[in-house]
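Chain and residue survey
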Protein chains: 2
Amino acid sequence: MPNVDLSSIWLDIGLNDMLPLERKAAAAHEKLDELTMQDGTMTGWVNFPETLDKTDLADISATARHLRSISDAVVVIGAGGSYLGSRAVIELLYSSYYNELGIGPKLYFAGHNLSSRELDTFSSLLENVDFSVIVISKSGTTLEPALSLRFFRQLLAQRYGEDSISDRIVAITDEKKGKLGPMADELGWKRFAIPSNIGGRYSVFTAAGLLPMAVAGVGLQTLIFGARAEARKLNSIRSFENPAWQYAVARNLLYSKGKKIELMTCYEPSFKYTAEWFKQLFGESEGKQGKGIFPASAQYTTDLHSLGQYVQEGERSLFETLVRFDHSGAPVRVANDFADSDGLNYLSGKEMYTIQNVAENAVISAHNSGGVPVVLIEAGEINERSIGAMLYFFQLSCAVSGLMLGVDPFDQPGVEAYKSNMHSMLKSL
Amino acid sequence: MPNVDLSSIWLDIGLNDMLPLERKAAAAHEKLDELTMQDGTMTGWVNFPETLDKTDLADISATARHLRSISDAVVVIGAGGSYLGSRAVIELLYSSYYNELGIGPKLYFAGHNLSSRELDTFSSLLENVDFSVIVISKSGTTLEPALSLRFFRQLLAQRYGEDSISDRIVAITDEKKGKLGPMADELGWKRFAIPSNIGGRYSVFTAAGLLPMAVAGVGLQTLIFGARAEARKLNSIRSFENPAWQYAVARNLLYSKGKKIELMTCYEPSFKYTAEWFKQLFGESEGKQGKGIFPASAQYTTDLHSLGQYVQEGERSLFETLVRFDHSGAPVRVANDFADSDGLNYLSGKEMYTIQNVAENAVISAHNSGGVPVVLIEAGEINERSIGAMLYFFQLSCAVSGLMLGVDPFDQPGVEAYKSNMHSMLKSL
């Protein structure tokens, strides 16, 4: 569904620049095809929306219903790709105020840091609240979710008794590897698998993403439907008509021209965690071998009042990607003020969305004048179907973009550096 | 209170590099002194913690008590510097779950975007909830807070009747300029002033920052006490013993050596909005004339699982600033697991804070090895006093750093570009 509009960067990108890049995108997509047909590569996500089993989906939905029926709050333990996807979708649909809206069990995303202050806060929030736990760890060995699981197991045991908590814990982990799977089987926890050939940052359409979404009431079938349609479309168009190629080409070209920072922006505040998900996807896929665009994000118009000055006049090393949504829902109109104390009565009765659109266009034009190219991604209305399509669009764009850059977009060798330091230091505590 | 530790960047910074920079810092601080003594400059913040009137503080506290007594929720309307400071302090002290903890009226930060979806959400959240409004706009003419005020005035009037809402609105605006002040007087709203010589991003210790904090229960006197002590200290040490000089020198030197991105990091998740406040302060102060470090932020260890790969192995154009807090509160210890299913029993009984400290050291060492210098800022325990000191430290560091860079750290000429586009486009709607 997303369409890419490169008109505002056209001045920076001539047709002569474009043609070799288009060939590179074609080659990258072919390379992805090859990898997808090979065993032992991390490309299981490419066809996953297509192959995802209906029975699995039904099982996920049934488990979500069970958790909703016994819980006023659900703690989702997971780090990186194990929580960003579900949190992104839930907030985009229901806003960051989901917990306060009372439309489903409260969700607490834990297990992605080591803060004892935050664990204290969770203890307070869960006092006298019936709760359950979903623990998501692809590897099953990451320190933060493992320690967090110990904390919340203890809390559950204190609340319900050691022998009565097995139906309050669901584990989602690699289908083959790691300690979490056997642990779940041993203790009688419901368990879902993440295919071994899907990495954490590409796992949003697996149970890792879907179960927390279903708990919050997200329509999984529609989401998957959107992703599937997008997968079919993007994998069949083999020309520069392919929006994923357009985006991948624009990124690589802007990067080669010294635009080293991509600022992911959106005018919907509920997009915040989608930007976080995006930053992991692209940063972890491309940031290696001393290369890669630095992924940053800003919420507009909010951050026009903080980062706006820098974007307009700071170092000319950044480009912007703007995800634009069509309006949905009832219009909100500017109220009239008889006294016109603020002098804004010329806007009375206008729709806020129209004004937001004006702001978007004004900002694109101003940033262009200031030397900041803007890649525009039109993502449709905010609903499950278009979100499914958008997430798949970013995944495929990322794979093509990374392969064009000449890196392996599916590994993450750099995250081992601090982990090995840490493990040896912890062993000697 | 904050101490700066440059030991991890010492390898990159030789003593020969340091001495000329130290002289530049001294000159910048002297320049700031000069500006502070002149009329018509935006340096009112320098001595503000010292000169802030006790009566004003009492008035702010009394108004906060009034709002608490009549409100289950308070909508704080403001953009940029008009909300980031108070939100930063409230979240750092009470976490991003403040609204769910039930320790004060819920706070909704509005008026910094044009999203009708978000206004819809606020309408739902305020149904059957007694609420009040604090509107903060330094200029009194910014579009987002002005439109937001229209929206919430209408909501208040529908709820309580047009004639019964004047004690539910408090306005905070420039002492002299703009339309909001006269409007407040006309309509009988309580009104606080932001001194004309204090810009939005330096206004956290004025009523703009303090009133929402007081509503949430923040101890204002202790916060101001911390800021005042820090102001005295930092403005009296005129040597490289001055932590603000150390930080400003490190930033300028790293920048001159090609480190164009500063990643502000912290291991406490509740620091998130302090990082946002920091990004406005430095980005808006320094990002001009094609210069300035791009301000980015990450929450650790959370984002080690997303941006960590990039930081370790991506483009070598970034440095990290780590704000480290001492532990406070009761220790949280790792629970024992008799079966040791996760193999982590060697950590049973250890304090989470100790483990977090190990992670901090492991990460500093890994990032140093990967070519990322780390500036360490030790900020004490998380409490009002040390937060007051830290915020003042960043403000003074920013002024010195910007003056060293050769820009005016108190203007923001670039934010006019899109605004003038937008106004002409809105006029022709």
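This text goes with the structure placed above it.
Presented here is an overview of the structure given in this document. (Residues numbered from 1 in each chain as written. Chains lettered and ligands numbered in written order. Predicted model: local features only at pLDDT ≥ 70, side-chain atom pairs only at ≥ 80, totals over all residues. Heavy atoms only, no water.)

Description of the overall build of chain A
Each helix and strand counted, chain A has 16 helices and 10 strands in total. Relative to the compact-globule value of 22 Å for 429 residues, chain A shows a C-alpha radius of gyration of 23 Å, a close match. C-alpha extents for chain A along the principal axes are approximately 65 × 65 × 45 Å. In the structure as shown, chain A presents an accessible area of about 14,300 Å², 49% of it carried by carbon and sulfur atoms. Once the 39 positive and 50 negative side-chain charges of chain A are each reduced to a mean point, those two points are 4 Å apart. (Helix = DSSP H or I, 4+ residues; strand = E, 2+ residues; numbered from the N terminus. Rg over C-alpha atoms; globule rule 2.2 N^0.38 Å. Areas by Shrake-Rupley, 256 points an atom, 1.4 Å probe, with all protein chains shown as cover. Lys, Arg positive; Asp, Glu negative; His and termini not counted. Charge placed at Lys NZ, Arg CZ, Asp CG, Glu CD.)

Side note on the interface of chain B and chain A
Counting residues at the interface gives 124 residues for chain B and 123 residues for chain A. Area buried by chain B at its contact with chain A is led by R117(B), R150(B) and H305(B), which between them contribute 8% of it. Remark: the boundary between chain B and chain A carries 9 salt bridges. We note a salt bridge from D337(A) to R153(B), for which the minimum N-O separation is 3.6 Å. Counting every contact that joins chain B to chain A gives 53 residue pairs in polar contact (both at pLDDT 80 or more). A total of 12 residues in the side of chain B that touches chain A trace back to one element, the largest contributor, which is helix α14 (residues 352-369) of chain B. The residue makeup of the side of chain B that touches chain A, split by class, is 57 nonpolar, 41 polar and 26 charged. (Contact = heavy atoms within 4.5 Å. Buried area = accessible area lost by both parts, 1.4 Å probe. Salt bridge = Lys/Arg side-chain N within 4 Å of Asp/Glu carboxyl O. Polar contact = N/O pair within 3.5 Å; in protein donor to acceptor, adjacent residues only side chain to side chain. Nonpolar A, V, L, I, M, F, W, Y, C, P; charged D, E, K, R; others polar.)

So, the nonpolar core
One finds V133(A), F152(A) and F152(B) to be the most contacted residues of the largest nonpolar core, which totals 125 residues. What F152(B) contacts, discounting residues up to four positions off in sequence, is V75(B), I77(B), A110(B), L119(B), F122(B), L126(B), F131(B) and V133(B). Listed in part, the 97 residues of the second largest apolar core include L32(B), F109(B), I194(B) and L253(B). (Core = buried A, V, L, I, M, F, W, Y, C linked by side-chain atoms within 4.5 Å. Buried < 20%, exposed > 50% of the residue type's maximum accessible area, 1.4 Å probe, protein only.)

Some words on the sheet that holds strand β5 (residues 169-174) of chain B
Hydrogen bonds along the backbone pair up the strands of a sheet, which may run parallel or antiparallel. Residue and element names in this part refer to chain B. The strand order β3-β2-β4-β5-β6 describes an open sheet built from 5 strands, whose pairing is parallel. The open sheet has two edge strands, β3 (106-110) and β6 (190-194), and neither has a second partner. For this sheet, the mean angle separating the axes of adjacent strands, direction not counted, is 15°. Taken together, the 5 bridges between strand β2 (residues 73-77) and strand β4 (residues 131-137) define a ladder with parallel strand orientation. Directly across from I77, in β4, lies its bridge partner V135. The strands touched by helix α8 (residues 180-187) are β4, β5 and β6; relative to β5, the strand with the most contacts, the crossing angle is about 150°. (Pairing = 2+ DSSP bridges. Axes fitted to C-alpha atoms, helices over the stretch in contact; angles between N-to-C directions.)

Considerations on the packing of helix α16 (residues 416-427) of chain A against α14(B)
The description of two packed helices rests on the angle between their axes and on the distance between the axes. At their nearest, the axes of α16(A) and α14(B) sit 8 Å apart, and the two run at 135° to each other. Of the possible angle classes, the one that applies to α16(A) and α14(B) is oblique. Between α16(A) and α14(B) lies a crossing whose hand is right-handed. The residues of α14(B) that touch α16(A), namely those facing A417(A), Y418(A), N421(A), M422(A), M425(A) and L426(A), are I355(B), V358(B), A359(B), N361(B), A362(B), V363(B), S365(B) and A366(B). For the contact of α16(A) with α14(B), the residue count by class is 11 nonpolar, 3 polar and no charged. (Parallel < 35°, antiparallel > 145°, perpendicular 65-115°, else oblique. Left-handed = near helix turned anticlockwise from the far one by under 90°.)

Some words on the sheet that holds strand β4 (residues 131-137) of chain A
All names here are of chain A. Strand order in the open sheet formed by 5 strands is β3-β2-β4-β5-β6, with parallel pairing between adjacent strands. With partners counted over all chains shown, the strands left at the sheet margins are β3 (106-110) and β6 (190-194), one partner each. Along the sheet, successive strands turn relative to each other by an average axial angle of 15°, direction set aside. Inspection of the sheet shows strand β2 (residues 73-77) paired to β3 by 5 bridges, in the parallel sense. Bridge pairing in β3 places V76 opposite F109.

A look at the side chain of T274(B)
Residue and element names in this part refer to chain B. Mapped onto the fold, T274 is located in helix α12 (residues 272-286). Judged by relative accessible area, T274 falls into the buried class, the value being 2%. The contact partners of T274, leaving out residues within four places of it in the chain, are A88, L92, M390 and L391.

Quick word on the environment of L156(B)
Here L156(B) is to be found in helix α7 (residues 143-160). Placed 24 residues apart in sequence, L156(B) and S132(B) show a C-alpha to C-alpha distance of 7.9 Å.

Details of the relation of the copies chain B and chain A
Superposing chain B onto chain A takes a rotation of 180° combined with a translation of 0.0 Å along the rotation axis, leaving an RMSD of 0.0 Å. Seen this way, the second copy is the image of the first under a two-fold rotation axis. Both copies contact each other with a shared surface, as 99% of the interface residues of chain B are interface residues in chain A too. (Least-squares fit on C-alpha atoms with pLDDT ≥ 70 in both.)

As for the state of the cysteines
Following the criterion strictly, the structure yields 0 disulfides over all chains and no others. Looking at C398(A), it has no disulfide partner, and the nearest cysteine sulfur is the one in C266(A), 19 Å off. (Disulfide = S-S within 2.5 Å.)

Things to note about a nonpolar patch on the surface
All names here are of chain A. Taken together, the side chains of W10, L15 and L19 define a hydrophobic patch exposed on the protein surface, amounting to about 320 Å² of accessible area. Mapped onto the fold, L15 is located in helix α1 (residues 15-37). Residue L15 is classed as exposed on the basis of its relative accessible area of 56%. (Patch = residues over 30% accessible without salt bridge, like charges linked within 9 Å, V, L, I, M, F, W, Y side chains within 5 Å.)

Details of unusual backbone geometry
Geometrically, the link from Y300(A) to T301(A) is a cis peptide bond, its omega value of -5° lying close to zero. Inspection of the secondary structure puts T301(A) in the loop between β8 (294-299) and α13 (308-313). Of note, the phi angle at N128(A) is positive, near 60°, even though the residue is not glycine. Of note, N128(A) is situated in the loop between α6 (116-126) and β4. On the basis of relative accessible area, N128(A) is assigned to the exposed category, the value being 77%. In this model, D340(B) sits at a positive phi of 45°, which is unusual for a non-glycine residue. Mapped onto the elements of the fold, D340(B) is located in the loop between β9 (318-324) and α14. What makes D340(B) partly exposed here is its relative accessible area of 27%.

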